[in-house]
Amino acid sequence: MLVVDPPPRVAALASRATMLAPLQGAGVDLAPPAGVESPPVRVGAPAQIVLQAGTTAEAAAAALKASGLAPPLLAKPLNAGAPGGGHRMALLTDAASVASLATGTGLPGWAPPAVLQPYVPHAAPLFKVFVMGPLTVVARRPSLRVPPSPGDVTERVGGAASIARVSAYVSEADGAGKAGAVGAGDAPDAAPDPPQWVLEALASHLRAVLGLTLFNFDLIAVTRPPPGEPCVGGCPAGASYLVIDINYFPGFEKLPDYESLMAEFLGWLFSPAAAAEA
């Protein structure tokens, strides 16, 4: 019997405490393949703190200070598969909103366990990269801006705002292994797709360190700070891109021609090339 992806490996993506671990800290430097003239590209993940159940407002403030992070912050459930919305998100714009989330006295339905990540300035859009073994497909999705547009906010309490699933809005997907044009809904200053070799190298790196073949990751193009200034949000110095979320077996059916993509993946799965990677 062939087990496509081992359950213990899948479980690492269920918790946001471990989901981004392979890219946190210094990140990873991706080298271009032979024949491509480009310097290495650094990809990282945002810094974060974990608020466990029972965290006091004082403990949350101390953890935030120790981490060097400051509002605006994005709050997400610690359990990415939590019933009722593991992909919910809240924007915290001041210390009071952090304290109210820690004690469960702010936005309805929001309390630890949760992770807090900094909002990192970035160029639109968000790149949702689907990985199916050796296949890499990128879809452009809307990305959260700060301050958020009124349509992105579902509820406000003080300095906290519950945010709609912005990246679940209308998307434009490119074909497998190909970078595409800027989508019609992008801003005039929207970032171009990352180079295809970067997407493929990053997907290959994550496949190796995660030990998984069916997942996607959310990628943003970091707004680089002026020379000599640190990257906002504790991201690695010199990082061009950040991975902000990784999901196991996402909605592949939303991709154009996903049946053909899945058939191609299954063909690869039983090939000598896949066996060599096992």
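Rules and cut-offs
Residues numbered from 1 in each chain as written. Predicted model: local features only at pLDDT ≥ 70, side-chain atom pairs only at ≥ 80, totals over all residues. Heavy atoms only, no water. Helix = DSSP H or I, 4+ residues; strand = E, 2+ residues; numbered from the N terminus. Expected span 1.5 Å × (residues − 1). Buried < 20%, exposed > 50% of the residue type's maximum accessible area, 1.4 Å probe, protein only. Arc of directions from axis to C-beta. Contact = heavy atoms within 4.5 Å. Phe/Tyr/Trp six-rings, centres within 6.5 Å; stacked < 30°, edge-to-face > 60°. Lys NZ or Arg CZ within 6 Å of the ring centre and 35° of its normal. Pairing = 2+ DSSP bridges. Axes fitted to C-alpha atoms, helices over the stretch in contact; angles between N-to-C directions.

Outline helix 5 (residues 258–269), listing residues and values.
The end-to-end C-alpha separation of helix 5 is 16 Å, in line with the 16 Å expected for 12 residues at 1.5 Å each. All of the buried residues in helix 5 are Leu261, Met262, Phe265, Trp268 and Leu269. The arc that holds the buried residues of helix 5, viewed along the axis, is 120°, so those residues lie on one side. At its buried positions, helix 5 is contacted by strand 7 (122–132), strand 8 (135–141), helix 4 (196–210), strand 12 (214–222) and helix 6 (272–277).

I'd love a proper account of the packing of aromatic side chains, names of residues and values included.
For the structure on display, the rule yields four aromatic pairs. With a centroid separation of 5.4 Å and an interplanar angle of 90°, the aromatic rings of Phe249 and Phe252 are classed as edge-to-face. Judged by its relative accessible area of 46%, Phe249 falls in the partly exposed class. Phe252 sits in the buried class, given a relative accessible area of 3%. Here a set of aromatic residues connected by ring pairs shows up, and it is made of Phe130, Tyr248, Phe249 and Phe252. One Lys or Arg, Arg88, reaches over the ring of Trp110 and ends 4.3 Å from the middle of that ring.

Now, about the sheet that holds strand 3 (residues 49–51): what can you tell me, with residues and values included?
With respect to topology, six strands assemble into an open sheet ordered 3-6-4-5-10-9, the strand pairing being antiparallel. Taken across any chain shown, the strands that pair with only one partner, and hence form the sheet edges, are strand 3 and strand 9 (153–157). Mean inter-strand twist for the sheet, computed between neighbouring axes without regard to direction, equals 25°. The sheet contact formed by strand 4 (residues 73–77) and strand 6 (residues 114–118) spans five bridges and is antiparallel. Bridge assignment links Lys76 to a residue of strand 6, and that residue is Val115.

Got a sec to walk through the environment of Met262? Specific residues and values, please.
When you line up the elements, Met262 lands in helix 5. With 10 residues separating them along the chain, Met262 and Phe252 place their C-alpha atoms 8.5 Å apart. If near-sequence neighbours (up to four positions away) are discounted, Met262 is found in contact with Met132, Phe249 and Phe252.

Run through the side chain of Ser162, naming residues and quoting values.
Within the secondary structure, Ser162 sits in strand 10 (residues 160–163). Each residue touching Ser162, except ones within four places of it in the same chain, is listed here: Met89, Ala90, Leu107, Trp110, Asp152, Val153, Thr154 and Glu155.

Break down the pairing of strand 8 for me, citing the residues and quoting the values.
For strand 8, the tally of buried residues reaches seven of seven residues, placing the bulk of the element in the interior. Side-chain alternation along strand 8 places Leu135, Val137, Ala139 and Arg141 on one buried face and Thr136, Val138 and Arg140 on a second face that is also buried. Joining the antiparallel neighbours strand 7 and strand 8 is a turn of two residues, in which Gly133 adopts a positive phi near 60°.

Pulling in residues and values, what's your account of the environment of Pro7?
Positionally, Pro7 belongs in helix 1 (residues 7–11). Judged by its relative accessible area of 58%, Pro7 falls in the exposed class. The sequence separation of Pro7 and Leu212 amounts to 205 residues, and the corresponding C-alpha distance is 9.7 Å.

Describe unusual backbone geometry, listing the residues and the values that go with them.
Cis geometry is adopted by the peptide bond preceding Pro125, which originates at Ala124 and carries an omega value of 0°. Tracing the sequence through the fold places Pro125 in strand 7. Following Val146, the chain continues into Pro147 via a peptide bond in cis, with omega recorded as 0°. Counting through the fold element by element, Pro147 comes out in the loop between strand 8 and strand 9. Located in the positive-phi region is Phe249, a residue other than glycine, with phi close to 40°.

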